[in-house]
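Descriptive structure summary
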Amino acid sequence: MATSSVYPFYSFFIISSIFFTSHIHASQTQAKPPLVKGLSYSFYSKTCPKLESIVRNHLTKVFKNDNGQAPALLRIFFHDCFVQGCDGSVLLDGSPGERDQPANIGIRTEALQTIDDIRALVHKECGKIVSCADITVLAARDAVFLSGGPNYAAPLGRRDGTSFSTTGTKNLPSPINTTSATLDAFAAQNFDTTDVVALSGAHTFGRAHCGTFFNRLSPLDPNMDKTLAKTLQATCPDANSENTANLDIRTPTVFDNKYFLDLMNRQGVFTSDQDLLSDKRTKGLVNAFALNQTLFFEKFVDAVVRLSQLDVLTGNQGEIRGKCNVVNSGKKSILTSVVEEVVQLVDGF
């Protein structure tokens, strides 16, 4: 799609957005997020010094053949941390597990396999001392960096959980949410408005299934650019279509700030994305990030590092899994799921 339509709209916001950018630098720039007790930026420096190079080298090879795994790995990280903390619970098989819930539909099996492939390489090099939760965090970080985004230090030292939560997936922000609902979902995890807009910028790469945005096509959302609407309608004849569409129409495989330009031109795909430009609480941030990629990267890193520390297990908590999809007993972690299913049955009477 042509980009020439960006500039009239883009120019309209230059003066106000430059002011907003200056303001946010002056009033909201924060120090590096504090570390949760038990995590460290040098956790494996002596016990597994090659850890980060193993992860990055492997992902460099993977992305050469399948760059679609980069946004998939970032999504796995986010969906793991937002449900009972960054404990690798989304990686566990279940009957059903977290991945079988509606909010997690579309998580790529290839990306899950990549995480376990890295686990095998790391454990071969260093022994079974690095958790799948830590590998998931590092894979997400390198998915961002190797796609053109910021490089940043990731605190490590997480342990893997031995259970998962199917009902917890209901707390994940939905692509059909209004900004108010999105802000509420993140506020429950102590993230503010700047965090929400910055983390939403993760949609600057990756693809989405028709069912996640068909609500904007039938009936047609008047806030959607007409050319984009026609393209998406051709891609998605109905909500059940297995087709997918790029979340960022300008640079769909690059982690940059073009997603925010999309929003300024009514070319966001999800309701939750485009509504950020309509809400007065988030509109200024969208404009600022569209004008200043460095600012976006700064705020994204701040938020994602704090996200990576949600409700982590450290010390003697949890375990270090020998395989990322099962607990160390070799049994599938179904206890949490079974308990929740019983509760749901009781609630149904």
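Everything numeric here is computed off the predicted structure, so don't read it as measured data.

Rules used in this analysis
As a convention, each chain's residues are numbered from 1 in the sequence order in which they are written. In keeping with the predicted nature of the model, local features appear solely for residues at pLDDT of at least 70, side-chain atom pairs appear and are counted solely at 80 or more, and the whole-chain, interface and lining totals rest on all residues. Calculation of side-chain values draws on the structure's entire complement of heavy atoms; hydrogens and water are dropped beforehand. Comment: elements are numbered from the N terminus, with helices defined as DSSP H or I runs of at least four residues and strands as E runs of at least two. Exposure is judged per residue with a 1.4 Å probe applied to protein chains only, and the accessible area is read against the type maximum: over 50% gives exposed, under 20% gives buried, and values in between give partly exposed. It only takes one pair of heavy atoms within 4.5 Å for two residues to be counted as in contact. For every accessible area listed, the method is Shrake-Rupley and the probe measures 1.4 Å; residues are considered covered only by the protein chains on display. Residues scored as positive are Lys and Arg, those scored as negative are Asp and Glu, and His as well as the terminal groups of each chain are ignored. Salt bridge, as applied in this entry: a Lys or Arg side-chain nitrogen positioned within 4 Å of an Asp or Glu carboxyl oxygen. Here a polar contact means two N or O atoms within 3.5 Å. Within protein one must be a hydrogen donor candidate and the other an acceptor candidate, and residues neighboring in sequence count only if both atoms are side-chain atoms. UniProt positions are given in the numbering used here, feature names are shortened, and annotations may be inferred rather than shown by experiment. Throughout, nonpolar core names a set of buried Ala, Val, Leu, Ile, Met, Phe, Trp, Tyr and Cys residues whose side chains join them through atoms within 4.5 Å. Axis definition: a line fit to C-alpha positions, over the contact stretch in the case of helices; interaxial angles, taken between N-to-C directions, run 0 to 180 degrees. Relative orientations are named as follows: roughly parallel for angles under 35 degrees, roughly antiparallel for angles over 145 degrees, roughly perpendicular for angles from 65 to 115 degrees, and oblique for any other angle. Each helix crossing is assigned a hand: it is left-handed if the near helix lies turned anticlockwise from the far helix by less than a right angle, otherwise right-handed if that turn is clockwise. When residues are sorted by character, Ala, Val, Leu, Ile, Met, Phe, Trp, Tyr, Cys and Pro go into the nonpolar class, Asp, Glu, Lys and Arg into the charged class, and all the rest, Gly among them, into the polar class.

**As for the overall build of the protein chain**
- A count of helices and strands for the protein chain gives 14 helices and two strands.
- A total of 349 residues make up the protein chain; the buried ones form 52% of that total.
- In the protein chain, the share of contacts with a sequence separation of at least 24, taken over all contacts with a separation of at least 6, comes to 79%.
- Of the accessible surface of the protein chain, which amounts to about 15,700 Å², a share of 55% is contributed by carbon and sulfur atoms.

**Digging into the side chain of Asp 248**
- Structurally, Asp 248 is set in the loop between strand S2 (244-246) and helix H10 (258-264).
- The side chain of Asp 248 sits in the buried core without any salt bridge; Arg 250 is the nearest counter-charge, 5.5 Å away.
- For Asp 248, the side chain forms a polar contact with the side chain of Thr 204, separated by 3.2 Å.
- For Asp 248, the side chain forms a polar contact with the side chain of Thr 251, separated by 3.2 Å.
- With residues up to four places along the chain from it excluded, the contact list for Asp 248 reads His 203, Thr 204, Asp 256, Lys 258, Tyr 259 and Asp 262.

**A closer look at the pattern of salt bridges**
- Counted by the stated rule, this structure contains 15 salt bridges.
- Salt-bridge contacts for Arg 108 lead to Glu 110; the nearest nitrogen and oxygen are separated by 3.3 Å.
- Of the charged contacts in the structure, one is a salt bridge between Lys 299 and Glu 298, with a shortest N-O distance of 3.7 Å.
- A relative accessible area of 7% means that Lys 299 is categorised as buried.
- Through salt bridges with shared partners, a single network forms among Glu 52, Arg 56, Arg 141 and Asp 142.

**What to know about the UniProt feature "binding site: Ca(2+) 1" (unreviewed entry) in the protein chain**
- As recorded in UniProt, the feature "binding site: Ca(2+) 1" (unreviewed entry) lies at Asp 80, Val 83, Gly 85, Asp 87, Ser 89 and Glu 98. Taking the farthest pair of C-alpha atoms as the criterion, the annotated set spanning 19 residues converges on one region, since that pair is 12.9 Å apart.
- Excluding residues within four positions of it along the chain, Val 83 makes contact with Ser 89, Glu 98, Ser 165, Gly 168, Thr 169 and Leu 172.
- Along the chain, Gly 85 falls in the loop between helix H4 (69-81) and helix H5 (109-126).
- In this structure Gly 85 touches Asp 80, Leu 310 and Asp 311, once residues within four positions along its chain are discounted.

**So, the nonpolar core**
- Grouped together as the largest cluster of nonpolar side chains are 76 residues, with contacts concentrated most on Leu 51, Phe 260 and Phe 300.
- Of the residues forming this core, the biggest block, nine residues, is contributed by helix H13 (residues 293-307).
- The contact partners of Phe 260, leaving out residues within four places of it in the chain, are Val 197, Gly 201, Val 286, Phe 289, Ala 290 and Phe 296.
- By size, the runner-up hydrophobic cluster in this structure holds 15 residues, among which are Ala 229, Ala 245, Ile 249 and Phe 270.

**What about unusual backbone geometry?**
- The amide bond that connects Ser 95 to the next residue, Pro 96, takes the cis arrangement and shows omega of 0 degrees.
- Summarising the element assignment, Pro 96 is placed in the loop between H4 and H5.
- Cis rather than trans, the peptide bond between Ser 218 and Pro 219 has omega equal to 0 degrees.
- Mapping Pro 219 onto the fold places it in the loop between strand S1 (207-209) and helix H9 (226-235).
- Unlike most non-glycine residues, Gln 84 shows phi in positive territory, near 50 degrees.
- Mapped onto the elements, Gln 84 comes out in the loop between H4 and H5.
- With a relative accessible area of 31%, Gln 84 lands in the partly exposed category.

**Quick look at the environment of Asn 223**
- When you line up the elements, Asn 223 lands in the loop between S1 and H9.
- For Asn 223 and Asn 265, which are 42 residues apart along the polypeptide, the C-alpha to C-alpha distance reads 9.6 Å.
- Every residue in contact with Asn 223, bar those within four places of it in the chain, is listed here: Arg 216, Arg 266 and Gln 274.

**Re the packing of H4 against helix H6 (residues 132-145)**
- Packing of H4 against H6 leaves a shortest axis separation of 8 Å and a crossing angle of 140 degrees. If you check the angle between H4 and H6, you find them oblique. Both H4 and H6 take part in a crossing whose hand is left-handed. Judged by residue contacts, Ala 70, Leu 73, Leu 74, Ile 76 and Phe 77 of H4 engage Thr 136, Val 137, Ala 139, Ala 140, Ala 143 and Val 144 from H6.
- Broken down by class, the residue content of the contact of H4 with H6 amounts to 10 nonpolar, one polar and no charged.

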